[in-house]
Amino acid sequence: MTIKIAGTGSALPNKIMTNKDLEQLVETSDEWIRERTGICERRIAQGDTVASLAATACERALANAGKKAEDVDLILVATCSPEQLLPCAACQVQSIIGAQKAVAFDLNAACSGFLFGLATAYSYITAGLYKNALVVGSEVLSKIVDWTDRGTCILFGDGAGAVYVEATEGPEGFIGFAQGSDGSKGSVLSCNERTDNPEEDIYVHMDGREVYKFATRQVPKCIVEAVDRSQLSLEDIDLFVLHQANTRIIESIAKQLKQDISKFPVNLPRVGNMSSATIPVLLDELNRDGKLQKGQKIVLSGFGAGLTYGACVLTWQ
Ligand code: COA
């Protein structure tokens, strides 16, 4: 038994912030941001929350799968930017969409969160505890970004993506997973919790070069591991849907894997880095654009704060 993605959905805030807009906030330029990151614009929440964006993405994923909220068994929201510690965003989503019988909880593995959520749903469902799940990545990073720090504020955006997964006997669905964490490098990408102390630094801090090195070294190895575990070769893979952090990172990974860059779709120029939401949002866009074909072998892979990283392989249905 395995699980398959039976529906996808996403939700982006309406407000667009361009690189030109950022030029008004920090000393930077559209050219610098495009060249170093590939990003042209990102979405910024205005009133939307992690829970509201996640709920909209879930409703769209359910509609895409032709399923009802009241039949959902499990809701997993991956997020590192919830508005509230309690209740968790997943329980808020449960209430908004009316998924009364679902078990709901959040998990935080930063930009790898959606992948870790998929592996969690896979484990629950193949163990026989549940038959289906909504797995969501949702972020409002704009509220934890320091808008005076040009090293980070140019990178991030807000949004949510969701998939509805269910048990299947195959041949479609998930084949292999690989995951890892390296807590010893946690300080490379960090953010403190909000407190009552106005002096407290509550914004994202990043050593960009270290993150870049980590991603370009670790992600190719992790993808190879997931592909090996699936008893496939890299040549069998039709699409690599990677975490959208930086086009240079994606190009480096493609080169190291000796795979044509055309196998690596991107939406980063339009939406920036939305942490846990990047992979499900891109997957939904590909699905709705008719770019996913039955039988295609797809790799999903993410990396981020923790440090954390993961990859999985699936056959599209
Ligand atoms: N606009 C203009 N100049 C900028 C800038 C900006 N937004 N941000 C930094 N700079 C400057 C630096 O101050 C530095 O100037 P100096 O040479 O005078 O000191 C110069 O550009 C180079 O900075 P550096 O940090 O070495 O640039 P870089 O080539 O490493 O690019 C990143 C910076 C952030 C784009 C790059 O490191 C990166 O993409 N890292 C990965 C980040 C990431 O993906 N994080 C999320 C992971 S989930």
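Quantities reported herein were computed from a predicted structural model and do not represent experimental measurements.

Just checking my understanding: could you explain the site of the ligand for this structure?
In the neighbourhood of the ligand, 21 residues make up the surrounding shell, with Thr-28, Arg-36, Arg-150, Arg-209 and Asn-246 lying closest. Note that a nitrogen atom of the ligand is positioned 2.7 Å from one of the side-chain N or O atoms of Thr-28. In this structure, an oxygen atom belonging to the ligand sits 2.7 Å away from a side-chain N or O atom of Arg-36. Computed on the free molecule, the ligand has an accessible area of 960 Å², of which 73% lies beneath the protein chains in the complex. Breaking the shell around the ligand down by element, the ones donating at least two residues are helix 2 (30–37), helix 6 (208–229), helix 7 (247–256) and strand 12 (297–304). Top contributing element to the shell around the ligand by residue count: helix 6, with four residues. Residue composition of the shell around the ligand, grouped by class: nine nonpolar, seven polar and five charged. Both domains that meet at the shell around the ligand, namely domain 1 (2–168) and domain 2 (173–315), each give it at least three residues.

Where do I start with helix 5 (residues 113–126) in this structure?
Three or four residues apart is the spacing at which side chains of an α-helix point the same way, because the helix has 3.6 residues per turn. The first and last C-alpha atoms of helix 5 sit 20 Å apart over 14 residues, in line with the 20 Å expected at 1.5 Å per residue. Taken together, the buried positions of helix 5 are Gly-113, Phe-114, Leu-115, Phe-116, Gly-117, Leu-118, Ala-119, Ala-121 and Ile-125. Looking one or two residues past helix 5, Gly-128 carries a phi angle of roughly 95°, positive in sign.

I would appreciate a short explanation of the pairing of strand 5 (residues 103–107) in the present structure.
On a regular strand, each side chain points to the face opposite its neighbour's, so the side chains alternate between the two faces of the sheet. Bridging between strand 4 (residues 74–78) and strand 5 involves five bridges; their strand directions are parallel. Residue Leu-76 lies in a different strand from strand 5, and its bridge partner there is Phe-105.

Help me understand the packing of aromatic side chains, please; the structure alone is not making it clear to me.
Geometry of an aromatic ring pair is reported as the spacing of the ring centres plus the angle between the planes. Across all of its chains, the model carries seven aromatic pairs by this definition. Where Phe-174 meets Phe-177, the ring centres are 5.6 Å apart and the plane angle is 10°; that geometry is what we call stacked. Put simply, the rings of Phe-105, Tyr-124 and Tyr-130 touch in pairs and so form one group of aromatic residues.

Please clarify how the packing of helix 6 against helix 7 should be interpreted in this entry.
Axis angle and axis distance: for two packed helices, these are the angle between their axes and the distance between the axes, and together they describe the pair. The geometry of helix 6 relative to helix 7 is characterised by a closest axis approach of 9 Å and an angle of 40° between their N-to-C directions. Considering their axes alone, helix 6 and helix 7 lie oblique with respect to each other. Crossing handedness for the pair helix 6 and helix 7: right-handed. In contact with Tyr-212, Ala-215, Thr-216, Val-219, Pro-220 and Ile-223 of helix 6, helix 7 contributes Arg-248, Ile-249, Ser-252, Ile-253 and Gln-256.

Help me understand the nonpolar core, please; the structure alone is not making it clear to me.
Side chains that are nonpolar tend, in soluble globular proteins, to be buried together. Counting 33 residues, the largest nonpolar core has Leu-118, Val-165, Phe-174 and Leu-300 as the members making the most contacts within it. In terms of residue count, helix 5 provides more of this core than any other element does, seven residues in total. Looking at this core, you find at least three residues from each of domain 1 (2–168) and domain 2 (173–315). Aside from chain neighbours lying at most four places away, what touches Phe-174 is Thr-2, Ile-3, Ile-5, Leu-118, Tyr-122, Leu-300, Cys-312, Val-313 and Leu-314.

Help me out: how do you make sense of the environment of Leu-25 in this one?
Inspection of the secondary structure assignment puts Leu-25 in the loop between helix 1 (19–23) and helix 2. Put simply, Leu-25 and Cys-153 are 128 residues apart on the chain and 9.5 Å apart in space, counted from C-alpha to C-alpha. Not counting the four nearest positions on each side in its chain, Leu-25 is found in contact with Met-17 and Trp-147.

Help me understand the domain arrangement of the protein in this model?
Size of an interface, as often reported, equals the accessible area lost when the parts are brought together. For the protein, the assigned domains read domain 1 (2–168) and domain 2 (173–315). Inter-centroid distance (C-alpha atoms) of domain 1 to domain 2 is 14 Å. Between domain 1 and domain 2, the contact holds 53 residues from the first and 47 residues from the second. When domain 1 packs against domain 2, the two sides together hide about 3800 Å² of surface, and 63% of this comes from carbon and sulfur. The largest share of the area that domain 1 buries against domain 2 comes from Cys-111, Leu-115 and Ile-144, three residues that together contribute 17% of it. Between the two partners, domain 1 and domain 2, sit zero salt bridges. Here domain 1 and domain 2 share 25 residue pairs in polar contact (both at pLDDT 80 or more) between them. Contributions of two or more residues to the side of domain 1 that touches domain 2 are made by strand 1 (2–11), helix 2, strand 3 (41–44), helix 3 (50–65), helix 5, strand 6 (132–139) and strand 7 (159–168). Counting residues per element, the side of domain 1 that touches domain 2 draws most heavily on strand 1, at seven residues.

Sorry if this is basic, but what is going on with the pairing of strand 1 here?
The buried count for strand 1 comes to nine of 10 residues, which makes it a mostly enclosed element. Of the strand pairs in this sheet, strand 1 and strand 7 are connected by nine bridges, and their pairing is antiparallel. Bridge pairing in strand 7 places Ser-10 opposite Gly-161.

What counts and what doesn't
- Residues numbered from 1 in each chain as written.
- Predicted model: local features only at pLDDT ≥ 70, side-chain atom pairs only at ≥ 80, totals over all residues.
- Heavy atoms only, no water.
- Near = heavy atom within 4 Å.
- Polar contact = N/O pair within 3.5 Å; in protein donor to acceptor, adjacent residues only side chain to side chain.
- Areas by Shrake-Rupley, 256 points an atom, 1.4 Å probe, with all protein chains shown as cover.
- Helix = DSSP H or I, 4+ residues; strand = E, 2+ residues; numbered from the N terminus.
- Nonpolar A, V, L, I, M, F, W, Y, C, P; charged D, E, K, R; others polar.
- Domains from an automatic or database assignment.
- Expected span 1.5 Å × (residues − 1).
- Buried < 20%, exposed > 50% of the residue type's maximum accessible area, 1.4 Å probe, protein only.
- Pairing = 2+ DSSP bridges.
- Phe/Tyr/Trp six-rings, centres within 6.5 Å; stacked < 30°, edge-to-face > 60°.
- Axes fitted to C-alpha atoms, helices over the stretch in contact; angles between N-to-C directions.
- Parallel < 35°, antiparallel > 145°, perpendicular 65-115°, else oblique.
- Left-handed = near helix turned anticlockwise from the far one by under 90°.
- Contact = heavy atoms within 4.5 Å.
- Core = buried A, V, L, I, M, F, W, Y, C linked by side-chain atoms within 4.5 Å.
- Buried area = accessible area lost by both parts, 1.4 Å probe.
- Salt bridge = Lys/Arg side-chain N within 4 Å of Asp/Glu carboxyl O.

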